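# Architecture and fold: a report
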Amino acid sequence: MTDKKSPTLIHQKRLVRMFKDIKVLKSDENRFCFLLGAGASKSSGIKTGWELSEEWYRDLKEDLSDDELKEWEEEVGFDLERIGEFYPHLYKKRYETSPQIGYDKFKKLMEKAEPSIGYVILSQILAEEKHNFVITTNFDYLIEDSVRMYTATKPFTAGHETLAEFISSQTERPTIIKVHRDLLLHPFNDDEETHKLREEWEHALTPILKNFSLLVLGYGGNDGSLMTYLKNIKPEDR
């Protein structure tokens, strides 16, 4: 019998290969900025947006009557085949009567998560190479924990839009930009909060995306805000 490698192992090996390729690119014309979504944290035990969407939908099916559920589905145009795209709507409906419980759930999911091998390697690149920017929709601390634990460098984390003005595209310091905020700073989850990217982030990201090429890991574009911004960037600003 042929041994079958797990999807997680294959994913990690591909990450290692990609990071090795990045390391040999010494030209000043090749600077990369990492864009991380929820899928990047799956190997650290944090559920993806798709998995959380499925969980919340099961809860709604238990908590709501058939008529209530159908009315909500029609209201948001729900499609089970594209359930991950309805993450913000599902979160809002699931925790509309108890927002604090929703927040507590995220804290429980993320506070004890440990960086996987991908994050360990990423921390080395952020600290030692010129590819030192991360844009993420995640609330967790896996990136900054990795940099602090496995390098001698202290990262700058912009976990709130009020910190966007302090981001410099010229810095050599590992810089983590959390466009949906940090876990402890009222992170964005529902459809109203994630519908449009905050203006402060747009101003901060423009010079970065103009000078860095994006490497996307585990991001499905289902938040609306960041994805819409990326789609609308003028060609000369990419």
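Reading the values: the criteria
- Residues numbered from 1 in each chain as written.
- Predicted model: local features only at pLDDT ≥ 70, side-chain atom pairs only at ≥ 80, totals over all residues.
- Heavy atoms only, no water.
- Buried < 20%, exposed > 50% of the residue type's maximum accessible area, 1.4 Å probe, protein only.
- Helix = DSSP H or I, 4+ residues; strand = E, 2+ residues; numbered from the N terminus.
- Arc of directions from axis to C-beta.
- Contact = heavy atoms within 4.5 Å.
- pLDDT = per-residue confidence, 0-100.
- Polar contact = N/O pair within 3.5 Å; in protein donor to acceptor, adjacent residues only side chain to side chain.
- Phe/Tyr/Trp six-rings, centres within 6.5 Å; stacked < 30°, edge-to-face > 60°.
- Pairing = 2+ DSSP bridges.
- Axes fitted to C-alpha atoms, helices over the stretch in contact; angles between N-to-C directions.
- Core = buried A, V, L, I, M, F, W, Y, C linked by side-chain atoms within 4.5 Å.

Every buried residue of helix α4 (residues 87-94) is listed here: Y87, P88, L90 and Y91. Across the axial projection of α4, the buried residues extend over an arc of 165°, all falling on one side. If you follow the buried residues of α4, they end up packed against α2 (49-63), α3 (66-76) and α5 (99-110).

This brings us to the confidence of the model for the protein. Detail in the predicted coordinates should be disregarded across regions flagged by low pLDDT. Here the protein averages 85 in pLDDT, while 87% of its residues score no lower than 70. Strand β4 (residues 175-178) holds the highest mean pLDDT among the elements of the protein, 96, whereas helix α1 (residues 7-23) holds the lowest, 62.

Relative to the elements of secondary structure, S225 occurs in helix α9 (residues 225-232). By relative accessible area, S225 is classed as buried at 2%. Of note is the side chain of S225, whose polar atom sits 3.1 Å from the side chain of H180. Residues in contact with S225, not counting those within four places in the same chain, are H180, T194, H195, K196 and L197.

This part covers the packing of aromatic side chains. A full pass over the atoms with the stated rule returns eleven aromatic pairs. Judged by centre distance (6.1 Å) and plane angle (85°), the ring pair of W56 and Y95 falls under edge-to-face. Note that W56 is positioned in helix α2 and Y95 in the loop between α4 and α5, a separation of 39 residues in sequence. A centroid spacing of 5.2 Å and a plane angle of 75° characterise the contact between F133 and F212, whose relative ring orientation is edge-to-face. Of this pair, F133 sits in strand β2 (residues 133-136) while F212 sits in the loop between α8 (199-211) and β5 (213-217), and the two are 79 residues apart along the sequence. The class for F133 is buried, based on a relative accessible area of 0%. Looking at F212, the relative accessible area reads 5%, which means it is buried.

With that out of the way, let us pick up the sheet that holds β2. Pairing is parallel across the open sheet formed by five strands, whose spatial order is β3-β4-β2-β1-β5. Only two strands of the sheet have a single neighbouring strand rather than two, namely β3 (156-158) and β5. Within this sheet the neighbouring strands show an average axis-to-axis angle of 20°, counted without direction. Here four bridges tie strand β1 (residues 32-36) to β2, and the two strands are oriented parallel to one another. Across the sheet, residue L36 finds its bridge partner in β2, namely T136. Against the sheet, helix α6 (residues 117-128) engages β1 and β2, with an angle of about 150° to β1.

Now for the nonpolar core. F34, L36, W56, L90 and F106 are the most contacted members of the largest nonpolar core, which has 37 residues in total. Counting residues per element, the ones that place at least two in this core are β1, α2, α3, α4, α5, α6, α7 (142-150) and β5. Leave out the neighbours within four places in its chain, and L90 touches S53, W56, Y57, L60, W72, F78 and I83.

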